[in-house]
Every structure is written in C-alpha cells, then in structure tokens.
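# Chain and residue survey
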Amino acid sequence: MLTSLKVVVGISGSIAAYKAALLVRFLIKAGHEVRVVMTPAATEFISPLTLSTLSRNQVYLDVISEDSWNNHVEVGLWADLMIVAPATANTVSKMANGLCDNMLLAVYLSAKCPVWVAPAMDLDMWQHPATQNNIRVLKTFPSCRVLSVGTGELASGLEGPGRMMEPFEIMEEIGQWVHQKSELNGVKALVTAGPTREYIDPVRFLGNPSTGKMGVAIANSLAERGANVSLVLGPGHVHDILDGIDLIRVESAQEMYEAAKKNFPEVQLSVFAAAVADYKPAEKSDEKSKKTEGEINLKLVRTPDIALELGRMKEDGQVNIGFALETGSGIEAAQDKLSRKNFNFIVLNSLKDEGAGFQNDTNKVTILDDRGNTTTFPLKEKIHVANDIVEYYLKHYS
C-alpha cells in the first residue's frame, strides 16, 4: 500500500468523467482519503451520488449550497495532492489564467499542495494553439504538473491525442511521486539564485538581467524530494517558491557570500546557480551622483568568488554543483571551472542557444562531471531542466 495521502479529485465536464469514478475507487483501495470537487458541467456526465459513495465523503459542487458555505480554502489546505481529471479545455484555460467561477477553481487557487492536471478533449481542441499555450503556462507553475494525454479513438470518432490518462496510469504516477518525495529526506541543501546588485550610489548599480528562475526551480525540485533547502536569492521578483524552503534575500555579492558561507558547513549539497557580479565599484557614493559633461571613470574591484571560496571549504561527503553561462560552446571554460572551483559537476548553457539563458522560461544545458562524462539535454522548461539536474545528482552523487 502507498503512503496514505489526502487527495482532492477535481472533475470537469467531459465524457471522460466516468474515468474519475475508477480513479476515486483506486485511490480509496490504496488507502488514501479522497474528497471530490465537481464543476456544474461535470454533473451532466456523472452523478455526485456515485462519487460520494465511492469517496465516502461529501462531494463539493458549489461554493454556496442551500444555506451553507463550502470552505474552498479549507479543502485546498487539507490536500496533499490535487488531481484535476478530467480537465477540459475550458477548465485548463481558466486554471492557466487564474479565473474562478466555480468550486473546483476556487479550491485550485487555494491549494498549497501539488496540482496535477489530466487533460481530456477532442483532437482539434487539444492541438489548438490557444490550448497549447495554456498548457505551457500551467507547466511554468512550480506546483503544477500536466499529465500526458493518450492517443486513440475520441468521443467525436476522430483518432489522435486528447484522451485522459487512464486511472491505473495515474496511480502508477502517484506511486512514483510518493517514492520521489522521500528520496532526499534528511539531506540539507544550499542553492544560490538570481543576480546581485553592486551599487554605485543609492539609485544606480552594476548588475545583470538574471531572473533567478533556474535556481528557484532547482530549489523547488530538491524540496519536492524531501530535502531541507536554504535558498539564497538575489534581488528582483520573488518567484513561486515552495512552502518549507528557507528563503534568504540578499542584494550584493558580499551579502550572498556571507549567507552562503554561513550555511555551507551544514549542507550535503550546494548548487551555485546565481549570476553573481564579478566586480563592484571601489567606492559607493552616499548621495546620488550628478550628471556631468564628458566621461567619468569608474574604478572596479573584484567581488568574492562564492563558488571558488566554498569549493575550498568543501569536505568529504559534500557535493558542489556549478553553472557556466557562456556565449559560445564553452566546453573548455566549463571544464576549467569544474576543476578550479572543485565542483562535482557543472551545468553549461550558452546564450547563443535559442531559448536558453536569462529571462527565459526554458533552458538548454550540458552537464560535465568530475568523472569525465558529458551529457547534453534538449531545450526544456526550466522546471524540467531542474529535475534533470537533481536526477543527475541522485543517480551519480547522492
């Protein structure tokens, strides 16, 4: 039997709603506790009474029913996992864009747990650019996972992709996920992410366009597998960071170095994904510098090389992972950093690869390790790149 979970099953209006009954039955037999939330359209395809009987719980249909209010926040916070199956094109669109006009969407927007989406729709609807864009949006949400669709005969009589994943396949995915959640139990991890700002005066600074998305995705992936993660994050927008991650906000390279150095002796794994400024002004003005005619000369000095310094502190049993952003192939530069900074492996990406680098939701990376192996991955969403990096660690270094 799988570890007991509290599962919310969300059902939207699709002919595939009959599969939800089987999914609920499988979940109950596996020892999980289930609550069902239905859209009004879903009740046209399957009876709430059937699902109430199978789940052994009240079925939630509306935020307000008769004289009572159904607390969607409580349902969302109760769950360890929410599965929207089937998820129609309409529901997928609303989830991607934050719309909320029924109980299912209210629970979804209140959920703090992972949310899985099992799309179910006809071929043309699935392939429509609007639907595919909504699917891409959902995949960028750290807590959201879009399950693959099956290919076969559809309700319209057409054949092709669009079938909801079969309930037994969803159960297999849950089993793998439960196992994955415990893979890094007891492991303490440190992740640096985002840019640093090196101030010239109170309003001007040297920096770079890093968003921190890659580092945050890695921190989330580690936390999902049970690691205790400290995330040292540079300035900028706070991304969707999973609950339980110890977030440490910093501005400058010096602040990031001090925070990372403080945490480093206690961790088994460190990931240096931050885009740290290499130089800072030798002096910072306390007042805003006035514009003058002609040129100005700005004297720069080195900032701490965080990965290098902590690489020197690394002890047996600690694993350090680095990043190398280059404008060309960069293999030789990455190999030099791998050795010089005492990394176990380094993640190389190039600004010349379309879709890679700063301010993108995707990345294309090559991993070089200290055993002489080189592995190249195709362009992927950064969430999936993060999973590849963590899987590489688990396979070769954990």
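Attention here is on the structure that accompanies the text. (Residues numbered from 1 in each chain as written. Predicted model: local features only at pLDDT ≥ 70, side-chain atom pairs only at ≥ 80, totals over all residues. Heavy atoms only, no water.)

## Comments concerning the overall build of the protein
For the protein, the helix and strand inventory stands at 13 helices and 24 strands. Here the C-alpha coordinates of the protein stretch approximately 75 × 50 × 40 Å along the principal axes. Counting every position in the protein, which comprises 398 residues, the buried fraction comes to 51%. Taking as baseline every contact in the protein between residues at least 6 positions apart, the subset at least 24 positions apart corresponds to 66%. Positive and negative side-chain charges of the protein, numbering 39 and 48 respectively, have mean locations separated by a distance of 3 Å. (Helix = DSSP H or I, 4+ residues; strand = E, 2+ residues; numbered from the N terminus. Buried < 20%, exposed > 50% of the residue type's maximum accessible area, 1.4 Å probe, protein only. Contact = heavy atoms within 4.5 Å. Lys, Arg positive; Asp, Glu negative; His and termini not counted. Charge placed at Lys NZ, Arg CZ, Asp CG, Glu CD.)

## Structural notes on helix 11 (residues 306–313)
Along helix 11, the positions that sit buried rather than exposed are Ile-306, Ala-307, Leu-308, Leu-310 and Gly-311. Residues of helix 11 that are buried make contact with helix 10 (253–263), strand 16 (269–272), strand 19 (319–326) and helix 12 (331–340).

## Some points on the side chain of Asn-102
Tracing the sequence through the fold places Asn-102 in the loop between helix 4 (89–97) and helix 5 (103–110). Beyond its immediate sequence surroundings of up to four residues, Asn-102 is in contact with Thr-39 and Pro-40.

## What about the nonpolar core?
Counting 37 residues, the largest nonpolar core has Ile-218, Leu-222, Leu-231, Phe-345, Ile-389 and Tyr-393 as its most contacted members. Going through the elements one at a time, strand 11 (188–193), helix 9 (213–224), strand 14 (228–233), strand 16, strand 19, strand 20 (345–350) and helix 13 (382–396) are the ones with two or more residues in this core. A per-element tally of this core places helix 13 first, with seven residues. In this structure, Leu-5, Ala-30, Leu-147 and Met-171 belong to the second largest nonpolar core, which totals 34 residues. (Core = buried A, V, L, I, M, F, W, Y, C linked by side-chain atoms within 4.5 Å.)

## Section: the sheet that holds strand 20
Taken in spatial order, the eight strands make up an open sheet running 15-14-11-16-19-20-22-23, and their pairing is mixed. Unpaired on one side and paired on the other, strand 15 (246–249) and strand 23 (374–376) mark the two borders of the sheet. The sheet shows a mean angle of 15 degrees between the axes of neighbouring strands, taken without regard to direction. In this structure, strand 19 lies alongside strand 20, joined through six bridges in parallel fashion. Within the sheet, the bridge partner assigned to Phe-323 lies in strand 20 and is Val-347. Each of strand 11, strand 14 and strand 15 is contacted by helix 10, which is oriented at about 170 degrees to strand 11, the strand it contacts most. (Pairing = 2+ DSSP bridges. Axes fitted to C-alpha atoms, helices over the stretch in contact; angles between N-to-C directions.)

## Digging into unusual backbone geometry
Of all residues except glycine, most have a negative phi; of all peptide bonds, most are trans. Of the consecutive residues Ala-85 and Pro-86, the connecting peptide bond is found in the cis state with omega at 0 degrees. Its location among the elements puts Pro-86 in strand 6 (residues 81–87). In the Ramachandran plot, Arg-56 falls in the positive-phi region, its phi being about 65 degrees despite a non-glycine side chain. With respect to the element layout, Arg-56 can be found in the loop between helix 2 (48–55) and strand 3 (59–60). Located in the positive-phi region is Asn-342, a residue other than glycine, with phi close to 60 degrees. Exposure remark for Asn-342: the relative accessible area of 31% places this residue in the partly exposed category.

Nothing here speaks to function; it is geometry throughout.
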